[in-house]
Structures are given as C-alpha cells and as structure tokens.
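# Secondary and tertiary structure notes
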Amino acid sequence: RDTMDAVIREQNGTVSGVSLDREIRVTLFSPSLPPMNLLDLPGIVNNPAHVAEHTRELIRRYTNDRRKSSMFLVIIEATSSARKSTAMSVVTERGLTDRCIGVITKCDKLDEDEWRKVDQQLSNEESEGTIPLVPHGYVATMNKALKVKEGETYHARLLRQARHEVDWFRDEAGADYSQMVDTGLATTEALTAKLNHMYVSYVVESWIPKTVQRLLLEMNRCMHEMRELGLPASPGNLADASELRAAAKVVACDIFQPCCDAAMDDFLTNTLQPLEASLLRVLAPTTVTIPVQSACTHLSSLRSQVKDLVREQCSLDSLRLRWRSSVVAASKDNSMPFCLQRFPKYIEALVAALERQAPYLREDLFDEIDSLVDSSIAIRSPHLNIRVQLSARPATAVVSFDDIDGIVGRLVAVVADAFVSAEHIEPAIGAVARTTFEDGGEPSKLVQEQEACHTDRLRIRDRCSQIEGAVRHLCYITRETGTGSEVIDTDSTPLLELARTMLPTVSDALLQVSVPQCRLELLDQIHTPGKPSKFRIISCDAAGQQLASSGLEFDVQVRRAGSPCNSDARISVTSGPHGVYNGEFVVPLFECSDRQVLYEYELAVILLGRPLPGSPHLVAVQGLCPAMCVRATFDDSDYNIFGLEIPQEWLGNTPLKSRPTEHCSGTFSMLTAISGKITVTVYFHGHGDNDQRFGILDTCSSASRCYTLLEKGICVKEGSHG
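This is a predicted model, so every value here is computed, not measured.

Turning our attention to the overall build of the chain. Each helix and strand counted, the chain has 19 helices and 24 strands in total. Here the chain holds 722 residues, and the buried ones make up 41% of them. Excluding contacts between residues fewer than 6 apart, the proportion of contacts in the chain whose partners are at least 24 apart in sequence is 64%. A total of about 40500 Å² of accessible surface is found on the chain, and carbon and sulfur atoms cover 51% of it.

So, in structure tokens, the structure goes:
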C-alpha cells in the first residue's frame with residue numbers, strides 16, 4: 001500500500017487517481033500454483049471525470065491486449081443489481097460475457113428480503129436485475145475480515161477466514177445456501193474451482209494445441225537442419241556402415257565421373273588445339289629461299305623445332321596439374337542430401353586416389369613423333385620440294401612443302417592416339433569408401449571416419465528429444481484432464497500418431513513438410529493489374545512425396561523487382577485437399593499506370609522462415625496502356641483516380657499521362673461502354689464497414705471528353721481537355 005501511494009503521489013501530486021502506465025507486481029512461487037497472472041484493476045468510478053476516464057481506459061487497454069488469453073471476474077455488491085453495475089455494462093459493451101465469472105460480494109450485508117436478488121443472479125437466467133454470464137455464471141461470497149489472533153500468520157488467518165465463510169453460508173445464510181455451497185454456487189472455494197475449470201479448459205483447448213503446433217514447427221526446423229548437415233549420419237562408430245559406404249560411393253561417383261567424361265574435352269582444348277596452332281605457325285612459310293649449302297641444316301633445325309614443340313605442348317606435368325585442379329574443384333561439392341564436406345579425410349583420400357587415375361600419354365609417343373617428323377621433314381620426304389638456282393650468286397635453294405596441313409594433322413593424330421584416360425573410376429572410389437567407412441568394431445581398431453558436424457548433430461538431436469518430450473507431456477496432460485483419448489499410451493505411441501489422436505486440430509504436416517521439396521506453380525500465363533493472378537503451392541515431405549494433410553501457413557510477398565518494399569497487392573492463400581494450397585494476388589492498378597508495357601514483379605513464398613525453391617519467382621505484369629488519370633472532387637477535396645482504361649479511338653492522337661497520386665484514397669473496379677455511356681464503379685474505403693459506390697459517368701460529348709457523375713452530380717474531367 002505504501003508503494004502504491006508513493007507512485008500515485010509522485011504522478012499526481014496527491015494520493016488520488018490512478019496510474020495508466022505503472023504496475024505493482026508481486027511474484028509468488030509454489031509447486032501448487034498454476035502459471036497465471038492475477039491482475040487487480042482499479043474499480044470503475046463515475047467521479048471525478050478524469051479518474052472515471054482513466055479507469056475505463058485501463059479496462060479497454062487490458063481487455064484489448066489480453067482478450068483471448070484472459071478470464072475476467074466482474075465484482076458486484078450483493079446489495080446492488082447487475083444491470084446497474086458499471087463493471088457489468090463495460091463487460092456487455094466489450095462482448096466479454098462468455099469469458100466472465102460474476103462475483104457477488106458482501107452477502108453478509110443483505111437484509112432477509114434482499115436474498116431474492118442474489119437467487120436471481122445465481123440462476124444465471126435473463127431477468128429484470130440479472131445479465132446472464134454464459135457459460136460460467138455467478139458465485140456468491142462473504143469475506144468479512146476477521147480479527148487477527150495473537151501470533152497468527154496471515155496464511156493461517158486466510159484459512160480460518162475461508163472456513164468461516166463456508167460455515168456462514170451453511171449456518172447463517174439459510175438451508176438453500178447450504179445446498180449452493182455443495183453445488184459450487186457459493187464461497188470463495190467455489191469461485192476458485194470455477195477459475196480452475198476455466199484455466200484448465202483454456203490450457204487444454206487453446207494453449208496446448210497452439211504450443212504443440214509451435215513445438216512441431218521447431219522440430220521441423222531441427223529436422224531440416226539435420227538434413228542440411230548431411231544424411232546418413234556418421235557418428236564414427238556404426239556397427240553396420242553399409243548404408244553409409246554405399247551413399248558415399250554413389251555421391252563420389254556422381255561428383256567425380258564428370259571429371260573423367262570431360263578429360264578428353266580438356267585434352268582437346270588445352271593440348272591438341274594449341275599444339276595444332278603452334279605447328280602451323282612453325283611450318284606456315286610454305287616457300288623459303290636459303291643458300292643451297294644450308295638446305296639440309298634448315299630441315300634439321302625445323303625438325304628440332306617441331307620435336308621440341310610437341311614435347312612442350314604435351315607436358316605430362318601440365319596434364320596432371322589440370323586433372324588435379326578439376327578433381328579438387330569437384331571435391332568442393334557439398335550438395336544435399338549427402339553433404340560431402342563433412343568428411344575431410346574421405347575427400348583427401350579420394351583426391352589422392354584419383355590423382356593416380358590421372359590421364360597420361362603413352363611412353364612411346366615421342367618415339368613415334370620423332371620418327372614421323374624425321375620422315376616428313378627430310379630430303380627424302382615426298383612432301384618436300386627443293387629447286388636450286390646454281391647460276392645465282394650466291395647459289396640458292398627454294399624449299400617448300402606440298403601438304404603442311406597433312407603433316408600437322410598426322411602429328412596431332414599421333415598425339416591424340418597416345419592419350420589415355422580412365423573411363424571408369426568406380427572401383428577406385430569404392431576402395432576408398434570401404435577403407436574410410438569400415439564397420440565399427442573395438443574402439444582401438446576403429447577406422448570409420450566421424451563426420452565433422454557430429455557435435456552439431458548431437459545438439460540438434462538433443463533439441464529434438466526435448467521437443468518430443470514436451471509434446472508427449474502435453475498430450476499426457478490432455479489425456480489426464482479427460483479431454484483426449486483414455487487408452488492411448490503417451491510414452492510409446494509414435495509422435496505423429498500421438499499428436500494426431502490427442503490433438504486433432506494440430507496438423508501433422510508441420511512435422512512432415514520439407515521446404516526444399518515444396519513446389520510453387522504459376523497458373524496464369526498473363527498477369528494483368530487489377531485482376532487476380534493465380535498460383536498453387538504443393539507441399540511435400542523430404543522424399544518429395546506430396547503430403548496428404550494441410551494446415552501449413554505460408555508468408556507470401558509480392559514486390560517490384562529489385563525493390564526492398566512489398567507491393568500493395570492483395571494476397572490470399574487457401575488450403576485445399578492433399579497438401580495443395582491455392583493462392584492469388586492482385587497487383588493494384590495505380591502501380592502500373594505510367595504507360596510502361598511490362599512491369600517485373602517478384603513473388604516470394606516463405607514457409608517456416610525459409611523460401612521455397614526458386615523463390616522469389618519473377619512475374620511479368622502487363623501495363624495499362626493507354627491509361628487515364630481522372631481528377632474527381634468530393635467535398636472540396638481532390639482525388640486522383642488511376643487506371644481507367646479508355647479505348648484508343650476515344651483518345652485520337654492525344655496521349656494521356658497519369659499524374660502521381662497525392663490524395664488518392666480509393667480504388668475502383670470496372671469501366672465499360674454501354675450505349676454511349678461509360679459505366680464506372682468507384683469505391684472509397686474508410687467510410688464505415690461497407691464500401692461506398694459512386695454512380696455512372698455519362699459522356700456529354702465525345703469531342704470534349706467531359707464526363708459527369710450523375711448520381712452525385714460531381715464533375716469529372718480529363719486533365720487537359722476540360
């Protein structure tokens with residue numbers, strides 16, 4: 001009390017009034033108390049005016065914020081009528097009667113002829129002085145304070161007072177009230193029982209299903225994290241590692257086989273093509289004039305250049321280096337579901353094994369090249385032409401080849417024939433998998449590699465175990481309160497079956513769905529502003545199988561491509577059968593009114609905090625072209641109305657441009673031409689629960705294009721032709 005008075009004095013300067021933003025909180029801990037907040041609001045007063053307003057503001061604030069998770073006690077003195085109670089008027093005004101218990105206090109102050117009023121209220125039936133509170137009704141109490149005995153604790157006094165209340169209703173209030181004590185209509189103990197019943201009903205019917213749903217969502221996230229770590233798991237001590245070995249082998253083959261398949265292409269691109277180009281550059285001069293005595297020396301030098309060039313271009317080290325680079329690049333793959341990167345030793349062993357599978361050139365290649373060069377670039381070569389001019393001084397020889405392309409082609413063909421690459425690397429990979437993932441035995445002999453994410457997986461498994469334990473305990477509570485099945489075993493029944501049986505309102509799709517497997521399908525090829533664009537979401541499990549049940553909640557966002565802000569598009573998603581969800585979005589007309597042909601939008605679908613595959617999807621929305629901006633005057637205020645589609649022949653050669661919106665507070669639907677009239681329905685929001693419709697536009701003159709809104713007599717004109 002001293003604390004409360006000090007707060008009020010600090011705020012108001014005197015101990016008077018109430019505080020709107022300060023609470024005194026007392027926390028009690030006990031194994032016999034439920035987790036509950038008991039809030040004691042100030043009583044509603046009528047004077048002075050500012051205090052009356054403050055007390056009502058507190059009621060409005062707390063009933064708004066806590067409406068769905070609150071129980072309300074309406075306190076009415078026994079000597080007054082419920083219909084005259086200010087608190088009861090607030091309850092009925094705010095529609096809280098179904099969440100209230102009426103508490104009739106100070107029954108010890110009643111005269112004998114006034115008990116009839118209490119009887120009427122306890123009956124919870126409509127009458128002159130009673131407002132029914134269905135389904136919880138009223139409870140009568142008498143809590144006249146007792147004098148504290150010497151040495152008596154507060155708790156002991158409260159227990160004595162509770163016994164005194166029961167004795168009073170049985171002995172002094174009359175025989176009828178003795179029966180009401182037995183039926184739970186009188187005493188604070190009866191009120192506590194009603195509160196407990198309301199509390200248990202709320203917990204079992206509302207809180208537990210919502211909490212289980214949140215837990216299943218969290219378990220789904222954990223299971224997704226588990227899958228992202230890689231499957232199957234490898235704790236390093238599997239007694240039977242056959243599944244792990246098989247998966248490791250298949251994944252490695254899928255990753256590294258493309259390296260083998262691309263080896264020949266790599267050899268063609270990085271060896272044969274440069275070799276061919278270099279040979280042609282060396283042999284390109286088809287005719288060379290040299291001193292006659294240097295002809296043989298020239299051919300010998302040419303042969304040496306070609307041999308050196310082939311050896312340089314066909315370097316085995318270069319070939320192996322490129323192979324290793326391709327293998328190392330492939331080893332960085334970490335695609336699901338296996339996630340290779342969790343096994344660094346396996347990757348290291350694979351790279352080492354595949355280095356031994358590197359492509360190579362046969363050892364006799366350069367002998368063949370030397371022989372071919374010696375025969376092709378020599379005096380005796382049939383492709384060589386030599387004409388001597390001995391009369392010249394100095395005497396010269398003209399050296400030329402008939403078929404340089406043929407010589408180069410034969411050299412390249414010999415090199416290509418010497419190329420050898422491993423067509424199948426499966427045996428080598430299988431051997432590495434067997435060595436790395438042997439079956440577990442004695443710890444001292446254990447060589448099975450443990451995944452690098454083992455600690456993370458244990459943490460997630462512990463989290464899943466905690467969640468499962470919590471769900472099972474909540475289902476146990478549901479069973480024990482008698483609201484669920486009495487025969488189901490909450491300990492051994494599979495979790496999905498348990499949740500489905502005990503809590504039918506909770507969808508098992510929350511536990512089964514796998515976001516990476518879900519699909520988004522756009523059903524419309526053409527998207528037009530102002531008209532619904534339909535899409536469909538298909539939910540699937542981790543195996544890609546379509547779910548049989550629904551109950552998922554999707555966050556759908558539509559925004560201009562490249563914009564961080566969401567569009568004002570209207571979006572709706574409805575649940576259909578067999579895990580299919582049908583949705584549509586409507587892009588506002590005013591967002592597409594600046595005469596562009598196409599607008600790019602992004603459609604993003606989020607589930608469990610993660611985007612669906614391929615999200616956001618790019619959607620092309622057709623623009624309104626031509627579009628007309630109409631200025632309408634309502635109550636001396638101007639509004640720009642966008643997107644009225646005017647036929648091109650009405651516009652002639654005068655293009656119309658829409659103006660930016662400044663005061664637009666409405667949207668509109670359809671514009672059609674009927675017998676020389678433009679029928680347009682314009683809706684303005686914010687004037688009550690229903691949209692308001694503003695009549696018909698009539699074409700006074702097609703030349704001036706001046707339209708009058710007939711029903712309201714409002715002039716609507718095209719901007720520059722008024």
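This paragraph deals with helix α1 (residues 2-12). Looking only at α1, the buried set comprises D5, V7 and I8. Down the axis, α1 shows its buried residues gathered within 160 degrees of arc, on one side only. Those residues of α1 that are exposed and aimed more than 90 degrees away from the buried face are D2, T3 and E10. Just downstream of α1 lies G13, where phi reads positive at about 85 degrees.

Time to look at the packing of aromatic side chains. Between two aromatic rings, the relevant description is the distance of the centres plus the angle of the planes. Inspection of every chain in the model, using the stated rule, returns 8 aromatic pairs. Between the aromatic rings of F267 and F419, the centroid separation amounts to 4.2 Å while the plane-to-plane angle is 15 degrees, which identifies the pairing as stacked. With a gap of 152 residues between them, F267 in helix α9 (residues 263-283) and F419 in strand β8 (residues 419-420) connect regions that are remote in the sequence. This pair shows no difference in class: F267 is buried, exactly as F419 is. Through successive ring pairs, a cluster of aromatic residues spans F338, F343, Y346 and F437. It is R342 that lies over the ring of F338; its NZ or CZ is 4.9 Å from the centre.

When the terminal C-alpha atoms of helix α10 (residues 295-313) are compared, their 27 Å separation across 19 residues agrees well with the 27 Å that a helix rising 1.5 Å per residue should span. Among the residues making up α10, those that are buried are A295, L299, L302, R303, V306, K307, L309 and V310. On an axial view of α10, the arc spanned by its buried residues comes to 160 degrees, and they lie on one face. For α10, exposure combined with an orientation more than 90 degrees from the buried face picks out T297, D308 and E312. If you follow the buried residues of α10, they end up packed against α9, β4 (287-291), α13 (365-376), β6 (384-389), β7 (396-401) and α14 (404-417).

One open sheet accounts for 3 strands, arranged β4-β7-β6; its pairing is antiparallel. The open sheet is flanked by β4 and β6, the only strands paired with a single partner. Direction aside, neighbouring strands of the sheet carry axes that sit 20 degrees apart on average. Bridge analysis of β4 against β7 gives 5 bridges, and the strand direction is antiparallel. Residue pairing across strands places T289 opposite V398, the latter belonging to β7. Helix-sheet contacts for α10 involve β4, β6 and β7, and the interaxial angle to β4 is about 130 degrees.

Moving on to a nonpolar patch on the surface. Residues M4, I24, V26, L28 and L33 make up a contiguous nonpolar surface patch of about 520 Å² in total accessible area. Here M4 shows up in helix α1.

One rule of thumb: low pLDDT means the predicted coordinates there are not for detailed reading. Taken as a whole, the chain shows an average pLDDT of 79; of its residues, 83% reach a score of 70 or greater. Note on residues 625-722: pLDDT under 50 across the span, and 169 contacts to partners over four residues away in sequence or across chains.

A few words now on the pairing of strand β14 (residues 598-607). Counting buried residues along β14, 8 of its 10 residues qualify, which places the element largely inside the surrounding structure. With 6 bridges connecting them, strand β11 (residues 555-560) and β14 associate as antiparallel partners. Residue pairing across strands places Q557 opposite A604, the latter belonging to β14. Direction of pairing for β14 relative to strand β16 (residues 617-622): antiparallel, over a ladder of 6 bridges. Residue pairing across strands places E602 opposite L618, the latter belonging to β16. Of the pairings in the sheet, the one linking β14 to strand β15 (residues 610-611) comprises 2 bridges and is antiparallel in character. Bridging across to β15, I606 finds its partner in P611. From the end of β14 to the start of β15, which pair antiparallel, there are 2 residues, and L608 there has a positive phi angle of about 55 degrees.

Definitions and cut-offs
- Residues numbered from 1 in each chain as written.
- Predicted model: local features only at pLDDT ≥ 70, side-chain atom pairs only at ≥ 80, totals over all residues.
- Heavy atoms only, no water.
- Helix = DSSP H or I, 4+ residues; strand = E, 2+ residues; numbered from the N terminus.
- Buried < 20%, exposed > 50% of the residue type's maximum accessible area, 1.4 Å probe, protein only.
- Contact = heavy atoms within 4.5 Å.
- Areas by Shrake-Rupley, 256 points an atom, 1.4 Å probe, with all protein chains shown as cover.
- Arc of directions from axis to C-beta.
- Phe/Tyr/Trp six-rings, centres within 6.5 Å; stacked < 30°, edge-to-face > 60°.
- Lys NZ or Arg CZ within 6 Å of the ring centre and 35° of its normal.
- Expected span 1.5 Å × (residues − 1).
- Pairing = 2+ DSSP bridges.
- Axes fitted to C-alpha atoms, helices over the stretch in contact; angles between N-to-C directions.
- Patch = residues over 30% accessible without salt bridge, like charges linked within 9 Å, V, L, I, M, F, W, Y side chains within 5 Å.
- Salt bridge = Lys/Arg side-chain N within 4 Å of Asp/Glu carboxyl O.
- pLDDT = per-residue confidence, 0-100.

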